[in-house]
Amino acid sequence: MNQGVRFTRDQNRKNLASWLLTTPALLWLLIFFLIPYLIVIIYSFLTPDIYDVNFEFSLDAYRQALGADYLKTFFLSFRLAVLTTLLCVLLGFPVAYYIARAKDKLKNTLLVFIIIPFWTNLIIRIFSWRIFLAYNGVLNDILIKAGVIGAPLEIMRTDLAVILVMVYVYLPYMILPLYSVLEKLDFTLLQAAMDLGANELKAFFRITLPLAAEGIFAGSLLVFIPALGAYLIPQLVGNQKSLYLGQVITYKIKNIPRNWPMASALSLILLFGVAVLLLLLFALYKRSKARRRV
Amino acid sequence: MEEIKLQNLSKQFDGFTAVDDVSLNIKSGELFSFLGPSGCGKTTLLRMIAGFEIPNNGRILIGNTDITDIPPYKRQVNTIFQNYSLFPHMTLFENVAFGLKIRKTPKPEMNDRVKDMLKLVKMDDQANKYPDQISGGQKQRIAIARALINNPKVLLLDEPLAALDLKLRQHMLIELMNIHDAVGITFIYVTHDQSEAMSISDRVAVMNHGRIIQAGPPDDIYERPNSIFSAYFIGETNLITGEVCDIESEYVQLRCPDGQGSSFEIDSTFHFNPTLGKEITVSLRPEKIAISRSKPRYQDDINMLRGVIEDILYLGSHTQYIVRVGALKFRVFSQHKRVYFDDKALDWEEPVWLFWHDTDTWLIDQIPEEVLSAKEISEGGVNHLSRSAKRQSIT
């Protein structure tokens, strides 16, 4: 009895402490996350004005956003996100695998190399790609001098350039989670598989890949979601013929006449799409885990 | 009958010789153990048979097929790994079925065989569990089932019991023997645990520094060690180096280096050519020596020494006495049987008699010196008591 009383008192004290400790963060989220989102939600149901909005309820923004006008935008962004994620998995896996199997000293050096780009400003890195890919840029220079091509290639301001730079920027976000699962992977499992008759390829597909699934999943989320809303990279190395969702949303706010409701609606559709996708993936993931825990 | 032949196998890693010119035939159906301290090359040898290491020299044959250069997945050899290496993302059933699935065995046949195999290892009621839901001993059984289902010609076991606790280890040892009897294929067993190797094996190869020091049935190695290393690595022993001081037809007299001029006899039915004055080393197992406070009745084939008890270690089933005989120390095991001599327990510093039959004084052949490093000779030589005492305290 006595024990029970003391337990609840301790419990209360613990609760109080945890509330006190989490309050600043909760306030922060409320002021800088939830309230802005509420504003966005409210704006998406208003009617546009040249500079601002009219406080009149309307569903026009959603009607238009989900209509044929923006189909291409959604498609382009989705394609970009899928391609970037796929390429990051394909390029990142061997790298992560190699680092995971390297000796400790080399491992740390290589990891630093993966992280170094984060130390340089993103815009600077994108601009160096512009110099590299430009019509009179470094890449064309090298290729011409090497005699591979006769005339410079038009890479800058194409969708190819967007993909290239996207993969470059997001690759570390794929490599690091992949590395963390592959590092924990017990490589004697591969020997066991080979011992049981699986050649290297079969051992990879039946052992390594399923056991790395969590890393692929985490990395894909880290790449796919930001890629879906990409703005900076398409803006700096892409062209104006194929506009991505992030660019369209920005233009709706930047260009006069402004269309706040449209920008808000597009943002919310993007958010909703990502949320649904995430919930689906998590449900799938949970089910595969639950199957294991029966 | 398909013998496994190891012919002049050698393996170097970065200038370090892990396996050094090993030649050996392992009979079909035999349970053969490689026994040695860590780093003696036994695991490398096993991995070469499995195909995970390519020898720098020598051939490996199963029957008449040379498998030296065949990749592991094409060898009819399966391995039980030290930590079992069960696939964590597969059920036990899927784990056992793995080899058959890879070989695209038809499903009905596969299901039947997996079920039979799970039954053999008494795990048929847990087929749908995952490896992290079962105990170490159960993992062990699944690993065995997963290997045996491929009908290998040889099953390799790499310290398979090292991760289990003592009771379970003893239990699994018996089960391993039963499984071996049931399937009748060749088992090659690698361990550093001499009692495991002794109890399970048809034959044992004692290894050190990449070489086989001695190979033979367990009792042969225990009773008739061919080297200081064999004698001291397997079981406990007293190693005494002394000078041959008398040669008779029945026995050879060895001067005991105890500093007080004692001597004892070695039965000369062992074929060796003694020369007067030559230094030889003998091994004398502690359990062969009787200890008594009263002087035993004289018999002409009994060796007797007088000493003082320096230490007593009670070990349950027996007591280990450390008896000082002049400058020498003898270890003596005595079981607690009251029907025998000393009713009253012996005490520290008590003068006692040590006596043993002269056939139990085992002469160790001169072995090539390079097999043992200087450190080991000093530890395993005349009085390697400190090391053995340390080992005692662990067990």
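Rules used throughout
Residues numbered from 1 in each chain as written. Chains lettered and ligands numbered in written order. Predicted model: local features only at pLDDT ≥ 70, side-chain atom pairs only at ≥ 80, totals over all residues. Helix = DSSP H or I, 4+ residues; strand = E, 2+ residues; numbered from the N terminus. Buried ≥ 20, exposed ≤ 12 C-beta atoms within 10 Å, placed from the backbone. Contact = placed C-beta atoms within 7 Å. Nonpolar A, V, L, I, M, F, W, Y, C, P; charged D, E, K, R; others polar. Pairing = 2+ DSSP bridges. Axes fitted to C-alpha atoms, helices over the stretch in contact; angles between N-to-C directions. Core = buried A, V, L, I, M, F, W, Y, C linked by C-beta atoms within 7 Å. Domains from an automatic or database assignment.

Right, let's talk about the overall build of chain B for a bit. Tallying secondary structure elements over chain B gives ten helices and 20 strands in all. When each of the 395 residues of chain B is scored for burial, the buried share is 41%. Considering only contacts within chain B whose residues lie at least 6 apart along the sequence, 67% involve residues at least 24 apart.

Looking only at helices and strands, chain A has twelve helices and two strands in total. Written out in order from the N terminus, the α and β elements of chain A read α-β-β-α-α-α-α-α-α-α-α-α-α-α. Across its three principal axes, chain A shows a C-alpha extent of roughly 80 × 65 × 35 Å. Looking at the 294 residues of chain A, the share that counts as buried comes to 28%. A separation of at least 24 residues holds for 70% of the contacts in chain A among residues at least 6 apart in sequence.

Turning to helix α2 (residues 92-102) of chain B, a few remarks are in order. Residues and elements named next belong to chain B. Taking burial as the measure, the eleven residues of α2 include eight buried ones, the bulk of the element. When α2 is considered as a whole, its buried residues turn out to be L92, F93, N95, V96, A97, F98, G99 and L100. Tucked inside the fold, the buried residues of α2 contact α3 (107-120) and α4 (136-148). Once α2 finishes, K104 follows within two positions and takes phi at roughly 55 degrees, a positive value.

The next thing to look at is the interface of chain A and chain B. One frequently used descriptor of interface size is the decrease in accessible area upon assembly of the parts. On the chain B side, the residues contacting the 16 residues of chain A number 17 residues. Ranked by residues supplied to the side of chain A that touches chain B, first place goes to helix α8 (residues 188-195) of chain A with six residues. When the residues that make up the side of chain A that touches chain B are grouped by side-chain class, the tally is eight nonpolar, four polar and four charged.

Our focus in this paragraph is the sheet that holds strand β15 (residues 290-292) of chain B. Residues and elements named next belong to chain B. Here five strands make up an open sheet; going across it, the order is β15-β19-β16-β17-β18 and the pairing antiparallel. Looking along the sheet, the strands with just one partner apiece sit at the ends: β15 and β18 (328-335). This sheet shows a mean twist of 45 degrees between the axes of neighbouring strands, independent of strand direction. Across eight bridges, the pairing between strand β17 (residues 318-325) and β18 is antiparallel.

Our next topic: unusual backbone geometry. Residue P257 of chain A is bonded to the preceding I256 of chain A through a cis peptide linkage, with omega at -5 degrees. Of note, P257 of chain A is situated in the loop between α11 (245-254) and α12 (260-293). Not every positive phi belongs to a glycine, and N8 of chain B is a case in point at roughly 50 degrees. Its location among the elements puts N8 of chain B in strand β1 (residues 4-13). Overall, N8 of chain B belongs to the exposed group, with 12 C-beta atoms counted inside 10 Å. At E349 of chain B, a position not held by glycine, the phi torsion is positive, near 65 degrees. Here E349 of chain B shows up in the loop between β18 and β19 (351-357). Residue classification places E349 of chain B among the exposed residues on the basis of 8 C-beta atoms within 10 Å.

Our focus in this paragraph is the sheet that holds strand β3 (residues 31-35) of chain B. Residues and elements named next belong to chain B. Strands sit in the order β6-β7-β8-β3-β9-β10 across an open sheet of six strands; the sheet is mixed. Edge positions in the sheet fall to β6 (77-80) and β10 (211-216), since each has one partner strand and no second. Neighbour-to-neighbour, the strand axes of the sheet open up by a mean angle of 20 degrees, direction not taken into account. Sheet topology places β3 next to strand β8 (residues 186-191); five bridges connect them, and they run parallel.

Residues and elements named next belong to chain B. Taking burial as the measure, the six residues of β10 include five buried ones, the bulk of the element. Two strands pair when backbone bridges link them, and strand β9 (residues 203-208) and β10 are joined in this way by five bridges, in the antiparallel orientation. Considered in β10, the bridge of N208 is made with R211.

Turning our eyes to something else, we now look at the environment of C245 of chain B. Within the secondary structure, C245 of chain B sits in strand β11 (residues 238-247). Residues C245 of chain B and F81 of chain B, spaced 164 residues apart in sequence, show a C-alpha to C-alpha distance of 52 Å.

Here we take up the nonpolar core. In this structure, I49, V96, A145, L156, I188 and V206 of chain B are the most contacted members of the largest nonpolar core, which totals 106 residues. Here this core gathers at least three residues from each of two domains, domain 1 (4-228) and domain 2 (229-394) of chain B. What I188 of chain B contacts, discounting residues up to four positions off in sequence, is I26, F32, L46, I49, V154, L156 and L157 of chain B. Of all hydrophobic cores here, the second largest spans 48 residues; its members include Y43, L133, M262 and A263 of chain A.

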